[in-house]
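Structural characterization, general
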Amino acid sequence: QVQLVESGGGLVQAGGSLRLSCAASGLTFSMYAMGWFRQAPGKEREFVATINWSGRNIDYADSAKGRFTISRDNTKNTVYLQMNSLKPEDTAVYYCAAHRNPYRSGRDRTEFGSWGQGTQVTVSS
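Since the structure is predicted, the reported quantities are computational estimates derived from the model, not experimental observations. (Residues numbered from 1 in each chain as written. Predicted model: local features only at pLDDT ≥ 70, side-chain atom pairs only at ≥ 80, totals over all residues. Heavy atoms only, no water.)

1. Observations regarding the pattern of salt bridges
Note the threshold: One speaks of a salt bridge when a side-chain nitrogen belonging to Lys or Arg is within 4 Å of a carboxyl oxygen belonging to Asp or Glu. Counting from the N terminus, the helices are the DSSP runs of H or I reaching at least four residues and the strands are the DSSP runs of E reaching at least two. Here's how the labels work: a residue is buried when its accessible area is under 20% of the maximum for its type, exposed when over 50%, partly exposed in between, all with a 1.4 Å probe on protein chains only.
One pass over the structure, following the stated rule, counts six salt bridges. Between R38 and D90 there is a salt bridge; the shortest N-O distance is 2.9 Å. Placement of R38 in strand 4 (residues 34-39) and of D90 in the loop between strand 8 (78-83) and strand 9 (92-99) is noted, with a sequence separation of 52 residues between them. Residue classification places D90 among the buried positions, given a relative accessible area of 0%.

Shown next as structure tokens:
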């Protein structure tokens, strides 16, 4: 079965940076778009960024544009989220996810069928 394991979360001051990683197994990683989503307390899970199977097509939520960078290394079956200029409103549990279908991409969470356990990101003011 597909396993996604996130790491790299933590506590950081506003303006700081974190790099999240997500190691994937149980799927042909290079065939699947990967996404990052986040969920703050009392809020719905929301889209952050997605990257297609080749890494050539990338999409960001407006809140992430200019501050976050998604990337992938298909040789390591890993997707990354570099987060800079962090704000207190970025505080959330961050989840990586694999798209349900090979060679498809999107930003709707219902398109993603496999999820990691999440990693907590807390940004203090």
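2. Things to note about the nonpolar core
Our working rule: Definition used in this section: a nonpolar core is a set of buried Ala, Val, Leu, Ile, Met, Phe, Trp, Tyr and Cys residues joined via side-chain atoms within 4.5 Å. In what follows, a contact means two residues having at least one pair of non-hydrogen atoms within 4.5 Å.
W36, V79, L81, M83 and Y94 are the most contacted members of the largest nonpolar core, which totals 29 residues. Among the elements of the structure, strand 3 (18-25), strand 4, strand 5 (46-51), strand 7 (68-73), strand 8, strand 9 and strand 11 (119-124) are those that each provide at least two residues to this core. Not counting the four nearest positions on each side in its chain, V79 is found in contact with L20, S21, C22, F29, M34, W36, I51, I70, S71, R72 and C96. By size, the runner-up hydrophobic cluster in this structure holds five residues, among which are F37, A61, A97 and F112.

3. Description of the environment of S114
Position of S114 among the secondary structure elements: in strand 10 (residues 112-115). The spacing of S114 and S63 is 51 residues in sequence and 24 Å in space, taken between C-alpha atoms. Among residues more than four places away in sequence, those in contact with S114 are V2, L4, C96, A97 and A98.

4. What about the sheet that holds strand 1 (residues 3-7)?
We apply this condition: For two strands to be treated as a pair, DSSP must find no fewer than two bridges joining them. Axes here mean lines fitted to C-alpha atoms, for a helix over just the part in contact, with angles spanning 0 to 180 degrees between N-to-C directions.
Taking strand neighbours across the sheet as the criterion, the four strands line up as 1-3-8-7 in an open arrangement whose pairing is antiparallel. Each edge of the open sheet carries a strand with a single partner, namely strand 1 and strand 7. Neighbouring strand axes in the sheet, compared pairwise and without regard to direction, differ in orientation by 15° on average. Note: strand 7 against strand 8, six bridges, orientation antiparallel. Considered in strand 8, the bridge of I70 is made with L81.

5. A word on the packing of aromatic side chains
Going by this rule: Aromatic contacts are taken between Phe, Tyr and Trp rings whose centres are within 6.5 Å, Trp giving its six-membered ring; a plane angle under 30 degrees counts as stacked, one over 60 as edge-to-face, and the others as tilted. Only when the NZ atom of a Lys or the CZ atom of an Arg is both within 6 Å of the ring centre and within 35 degrees of the ring normal do we say a charge sits over the ring.
In total, this model carries four aromatic pairs according to the counting rule given. Note on F37 and F112: the rings are 5.2 Å apart at their centroids and 70° apart in plane angle, and the pair reads as edge-to-face. Of this pair, F37 sits in strand 4 while F112 is found in strand 10, placing the two residues 75 residues apart along the sequence. By relative accessible area, F112 is classed as buried at 1%. Between W53 and Y103, the ring centres sit 5.4 Å apart and the planes meet at 90°, which makes this aromatic pair edge-to-face. Of this pair, W53 sits in the loop between strand 5 and strand 6 (58-60) while Y103 sits in the loop between strand 9 and strand 10, and the two are 50 residues apart along the sequence. On the basis of relative accessible area, W53 is assigned to the partly exposed category, the value being 25%. The cationic tip of R19 hangs over the ring face of Y80; the distance from NZ or CZ to the ring centre is 4.0 Å. The ring of F29 is capped by R72, whose NZ or CZ atom sits 4.3 Å from the centre of that ring.

That's the geometry; what it means functionally is another story.
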